[in-house]
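Each chain is listed here by its residues.
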Amino acid sequence: MKRVLVTGADGFIGSHLTEELVKKGYKVKAFSFYNSFNTWGWLDTLPKDIMDHVEVFCGDIRDPNGIRTAMRGVDQVFHLAALIAIPFSYHSPDSYVDTNIKGTLNVLQAARELETQKILVTSTSEVYGTAQYVPIDEKHPYQGQSPYSATKIGADRLAESFYRSFALPVSIVRPFNTYGPRQSARAVIPTIISQLLAGKEEIKLGSLTPTRDFNYVKDTAAGFIAIAESDQTMGEEINIATQQEISIGELAREIIAQINPNAKIICDDQRIRPEKSEVNRLLGANAKIKKLTTWQQQYTFTQGIAETIAWIRENLDKYKTEIYNI
């Protein structure tokens, strides 16, 4: 089987992707953010029988030498390493440029030098901004409504330029909002669930009207693998979406009904994005991924939420429900 590198393997989606790649028989090298505590993020929680088949490489995506060393000898790269929190990008945009744009450039440059067979660059539905039409297909205009989304647009366009300029074998993978076990309270679904499981009677949220298209994380990971395994995806930008939407308010009410029907939603001003920065509607088209790959959504929203609640219930001590996690 192919030898692959997963950057951002220590993160939420990256750890699930690493796990699924091992199960499918890939030889996996996991690029984890270096720290002096020798912690590997969510990789530390994976079963031993999975980690026995993972080679961990600690480094920093912002360092071109480290990423070049990590990429030697691999056939494919799944590039997921990024800063992703939108509120944090408002006051620390420089770090997003360094990590998301320059980090992606480091991967592309190394792939060109090493003649890597395929590179999957991770995008985000946030690059589209508020939907100008739905469902949002891959031809939808881009709009940077936060420093985070602007840096992801920049990274995507760099990837496209290397495909067009140097025939680099790149695919751009664009997941819509992913949720599931191991996700931090930075995201809305674990924010709601963790507050409820901690016994909160008042659930603090930002705006309730925006809609989102939610992917269960195992379906997102399967989408990455399907795109990597297809010979029709080179040079393409491909959504991973359910083509279904739900408002944040509806979402919160559904989860509240399952855990504590007496809980109330209250608006927390610090969780509200600036007016022109809020993405009001995201509903993705998935015709392209279904045309070019074998991917099909396997988990219903109900199944995904149930698994996420069960996992957070067992790992509630990992959440700081008293604070706003940006």
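Our subject is the structure listed above.
Just so you know, these numbers come straight off a predicted model, no measurement behind them.

Participant: Go over helix α1 (residues 12-23), please, and point to the residues and values.
Facilitator: Note: α-helices contain 3.6 residues per turn, so residues at a spacing of three or four share the same orientation. Compared with the 16 Å implied by 1.5 Å per residue over 12 residues, the 17 Å span of α1 between its first and last C-alpha is a close match. Along α1, the residues that are buried comprise F12, I13, G14, S15, H16, L17, T18, E19, L21 and V22. Positive phi shows up at G25, right after α1, with a value of about 95 degrees.

Participant: A description of the packing of α1 against helix α8 (residues 217-229) should follow, citing residues and the corresponding values.
Facilitator: Interhelical geometry of α1 versus α8 gives an angle of 65 degrees and a closest axis separation of 9 Å. Taken as a pair, α1 and α8 cross one another with a handedness that is right-handed. On the side of α1, the interface is formed by F12, I13, H16, L17, E20 and L21, while α8 contributes V217, T220, A221, F224 and I225. Residues belonging to the contact of α1 with α8 are distributed by class as follows: 8 nonpolar, 2 polar and 1 charged.

Participant: Before we move on, could you go through the packing of aromatic side chains and cite the residues and values that matter?
Facilitator: Here the structure, examined in full by the defined rule, presents 12 aromatic pairs. Centre to centre, the rings of F31 and F57 are 5.7 Å apart; their planes meet at 20 degrees, and the pair counts as stacked. Of this pair, F31 sits in strand β2 (residues 27-33) while F57 sits in strand β3 (residues 54-59), placing them 26 residues apart in sequence. Taken together, a centroid distance of 6.1 Å and an interplanar angle of 85 degrees make the contact between Y179 and F214 edge-to-face. Separated by 35 residues along the polypeptide, Y179 in strand β7 (residues 177-179) and F214 in strand β10 (residues 214-216) bring together distant segments of the chain. Looking at Y179, the relative accessible area reads 1%, which means it is buried. On the accessibility criterion, F214 (9% relative accessible area) is buried. Three or more aromatic residues joined by ring pairs form one cluster here, namely Y179, F214, Y216, Y299 and F301. Here the basic side chain of R112 rests over the ring of F166, its NZ or CZ set 3.6 Å away from the ring centre.

How each quantity is defined
- Residues numbered from 1 in each chain as written.
- Predicted model: local features only at pLDDT ≥ 70, side-chain atom pairs only at ≥ 80, totals over all residues.
- Heavy atoms only, no water.
- Helix = DSSP H or I, 4+ residues; strand = E, 2+ residues; numbered from the N terminus.
- Expected span 1.5 Å × (residues − 1).
- Buried < 20%, exposed > 50% of the residue type's maximum accessible area, 1.4 Å probe, protein only.
- Axes fitted to C-alpha atoms, helices over the stretch in contact; angles between N-to-C directions.
- Left-handed = near helix turned anticlockwise from the far one by under 90°.
- Contact = heavy atoms within 4.5 Å.
- Nonpolar A, V, L, I, M, F, W, Y, C, P; charged D, E, K, R; others polar.
- Phe/Tyr/Trp six-rings, centres within 6.5 Å; stacked < 30°, edge-to-face > 60°.
- Lys NZ or Arg CZ within 6 Å of the ring centre and 35° of its normal.

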